[in-house]
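# Reading the structure
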Number of protein chains: 2
Amino acid sequence: MNEVTIALDAMGGDNAPGVVLEGCAAALKDHPNLHIILCGTAEVVEPFCAEHDRCEASVCTEVIAMDEHPVQAVRTKKDSSMVRCAQLVKEGKAQGFFSAGSTGATMAAGTLIMGRIKGVQRPGLATILPCPTKPVVMCDVGANADCKPAYLVQFASMASLYIEKVLGVPNPKVYLLNIGEEETKGSSFALECHELLAQTVPNFAGNCEGRDLLTGECDVVVTDGFTGNVALKTIEGVGSVLFGEMKRTFMSGLKNKIGAVLLKDGVKAIKDSVSADTYGAAPILGVKGACMVGHGSSNALAIQNGITTTINTIESNVTELIAESVAAQRSQEN
Amino acid sequence: MNEVTIALDAMGGDNAPGVVLEGCAAALKDHPNLHIILCGTAEVVEPFCAEHDRCEASVCTEVIAMDEHPVQAVRTKKDSSMVRCAQLVKEGKAQGFFSAGSTGATMAAGTLIMGRIKGVQRPGLATILPCPTKPVVMCDVGANADCKPAYLVQFASMASLYIEKVLGVPNPKVYLLNIGEEETKGSSFALECHELLAQTVPNFAGNCEGRDLLTGECDVVVTDGFTGNVALKTIEGVGSVLFGEMKRTFMSGLKNKIGAVLLKDGVKAIKDSVSADTYGAAPILGVKGACMVGHGSSNALAIQNGITTTINTIESNVTELIAESVAAQRSQEN
């Protein structure tokens, strides 16, 4: 088993640094080949690294907050934990970085510091959807609010490589998120995308709709970052409202309470099967190296799983595979 | 109580005509002031009308199928049940029509036959979201895949009138579906919409995100028909997957089965609280008269409730109120 080194942003996330350190400790136990470079303020990272093997402190004096302007924050806070993480990858000292901090800032750090893979027009934020039966990768879910159809073609090939090589789904099928299954359906942008995807992406299988996202029929779903972000947050919102209603109902009246005790494990299994914590990290596809975003509300388990997903991303060499695929596509076009 | 006459498409929906007739019979019992003009083929509508008071048959020879091209079908199938319904409203013989058939064709029949209210740029399909605590109206959810910001301004005022006058939510607040709460967030289209809404819609309250749709914080959510349709179908899809997982879990193992028996009523109450059947019909706002769309998969209860929603829409005079509001807005602009 080869050694793998990850730069971890100790300061990223609503519950940082507590849950990040806890998740990091658990991941170090899980993976004997894992080295962590823990980036954060001295009082956070130094005591932790003193107590844990295979964990090196990289002391920073600044932190990028969740609500800062992403690009501006990355450009001005040169000594922040997030910028440090990206620099460590750029310098070859780490193979990937993981932060549960601001998604926009992680994206900006990845794109501006690590840099785009040659030929990639726009990196895309992909998410592994919490589908109960199998992973589904949707890209873009927020990196590019305005897209051109050509971006979606690249999202399709990058996300296909990701789901196949990192998540082990063979021969993935790509769908376009649209408002009808027929190829004549959709906005003028969706129609253009459909046409280009059909012409250029061999594993393109047609349109899917919002109701198909979690059924497991699609492997890869491509969309512009605006629609993808709305769909992703809608999924999260519906889950949260329904589980909230279940909790409220299950606590009202003796009969419900007894039923709830009996069903506790079952309901927990459902919650787990659709939880964003299962993978814990979403990849920014198209940058040089693994650049992984955790949910702001990550708990320790989500951080632990996110580190595992980062390791899998690194070990699958998906960055190199994307680079080769884009280069091949470009040489075909020329 | 004034008499109210509704043209009902007996042939519309996946389970038509059976569930339509069943729902119609129940609605006639519910509302002693209701008259129905039942449009459909002779063998469907004549026996039913012979057996029911306040129900008149309007015999047609054609039916528009779910998968036909909406505008073409409405233009060519002049003797279809859906076209007949819209004509009855246009001729003043019915005050509104309701169909659980093709949404696109209902939309086309409403717009082409009943006609747009003067000054309305584009009618919008609004839906009453299945939020557990209170109704939320989202518009557009699919009538206009491509929108201009000015359309959303009209969706905002039409949907505000609808939720206030028909559903009884006072002083409704309007939100723009976007990918962040800050006004600087979004696609270039969303930014333009935000600016125009802030300038022209007095009850505009800012951006909301996908995760806010069912919390009950928003009253009206405006969006282009592409994004709205994706969000609506995503809500339906997540609900269906989660209830499916619950059913599967609750049937596996004795402990779960006993728990499920105890929780049966509670789970049903949750399902009902988020069911699209509660209102049964979605209004097409901006056409002359009540033009209501049911879900293709409507059951008899959904049809029954959809007829009630159609009655409420007619009795609230929302069409006239929209006409006045649009006229006032236009005179301000001139």
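Residues numbered from 1 in each chain as written. Chains lettered and ligands numbered in written order. Predicted model: local features only at pLDDT ≥ 70, side-chain atom pairs only at ≥ 80, totals over all residues. Heavy atoms only, no water.

## Overview of helix α5 (residues 103-114) of chain A
All names here are of chain A. Here α5 spans 15 Å end to end across 12 residues, near enough to the 16 Å set by a 1.5 Å rise per residue. When α5 is considered as a whole, its buried residues turn out to be Ala105, Thr106, Met107, Ala108, Ala109, Gly110, Ile113 and Met114. Contacts made by the buried residues of α5 are with α3 (70-76), α4 (81-90), β4 (96-99), β10 (282-285) and β11 (290-293). The first or second residue beyond α5 is Gly115, which carries a positive phi of 90 degrees. (Helix = DSSP H or I, 4+ residues; strand = E, 2+ residues; numbered from the N terminus. Expected span 1.5 Å × (residues − 1). Buried < 20%, exposed > 50% of the residue type's maximum accessible area, 1.4 Å probe, protein only. Contact = heavy atoms within 4.5 Å.)

## Regarding the confidence of the model for chain A
Interpreting fine coordinate detail is not advised for predicted regions of low pLDDT. Considering every residue of chain A, the mean pLDDT works out to 93; 99% of them sit at 70 or more. Overall fold confidence for the complex sits at a pTM of 0.93, while the interface term, ipTM, reaches 0.92. (pLDDT = per-residue confidence, 0-100.)

## Thoughts on the sheet that holds strand β8 (residues 204-208) of chain A
All names here are of chain A. With mixed pairing, the 11 strands of this open sheet are ordered in space as β3-β2-β1-β4-β11-β10-β5-β6-β9-β7-β8. What marks the edges here is a single partner per strand, and that holds for β3 (55-59) and β8. Along the sheet, successive strands turn relative to each other by an average axial angle of 25 degrees, direction set aside. Both strand β7 (residues 174-177) and strand β9 (residues 220-222) contribute to a ladder of 3 bridges, which runs parallel. Considered in β9, the bridge of Leu176 is made with Val222. Contacts between helix α2 (residues 42-51) and the sheet are confined to β2 (34-40) and β3, with β3 contributing the most and set at about 160 degrees to the helix. Sheet contacts for α5: β4, β5 (124-129), β10 and β11; angle to β11, the most-contacted strand, approximately 170 degrees. (Pairing = 2+ DSSP bridges. Axes fitted to C-alpha atoms, helices over the stretch in contact; angles between N-to-C directions.)

## Digging into the interface of chain A and chain B
On the chain B side, the residues contacting the 48 residues of chain A number 48 residues. Sorting the residues of chain A by area buried against chain B places A:Ile179, A:Phe226 and A:Leu262 first, and these three jointly supply 15% of that buried surface. Taken together, the connections running from chain A to chain B amount to 6 salt bridges. Ionic pairing is found between B:Glu236 and A:Arg211, a salt bridge with its closest N-O pair at 3.5 Å. Those elements giving two or more residues to the side of chain A that touches chain B turn out to be α7 (188-200), α8 (225-250) and α9 (254-273) of chain A. By residue number, the principal contributor to the side of chain A that touches chain B is α8(A), which donates 19 residues. Residues that form the side of chain A that touches chain B fall into these classes: 24 nonpolar, 16 polar and 8 charged. (Buried area = accessible area lost by both parts, 1.4 Å probe. Salt bridge = Lys/Arg side-chain N within 4 Å of Asp/Glu carboxyl O. Nonpolar A, V, L, I, M, F, W, Y, C, P; charged D, E, K, R; others polar.)

## Some remarks on unusual backbone geometry
Residue and element names in this part refer to chain A. Here the amide bond leading from Ala16 into Pro17 is cis, since omega sits at 0 degrees, within 30 degrees of zero. Tracing the chain through its elements places Pro17 in the loop between β1 (4-9) and α1 (18-30). Not every positive phi belongs to a glycine, and Asn317 is a case in point at roughly 55 degrees. Mapping Asn317 onto the fold places it in the loop between α10 (300-315) and α11 (318-333).

## Some details on the environment of B:Gly101
Residues and elements named next belong to chain B. With respect to the element layout, Gly101 can be found in the loop between β4 (96-99) and α5 (103-114). Under the relative-accessibility criterion, Gly101 is labelled buried at 3%. Separated by 196 residues in sequence, Gly101 and Ser297 place their C-alpha atoms 9.2 Å apart. Beyond its immediate chain neighbours, meaning those up to four positions away, Gly101 contacts Gly12, Gly13, Met66, Met82, Thr106 and Gly294.

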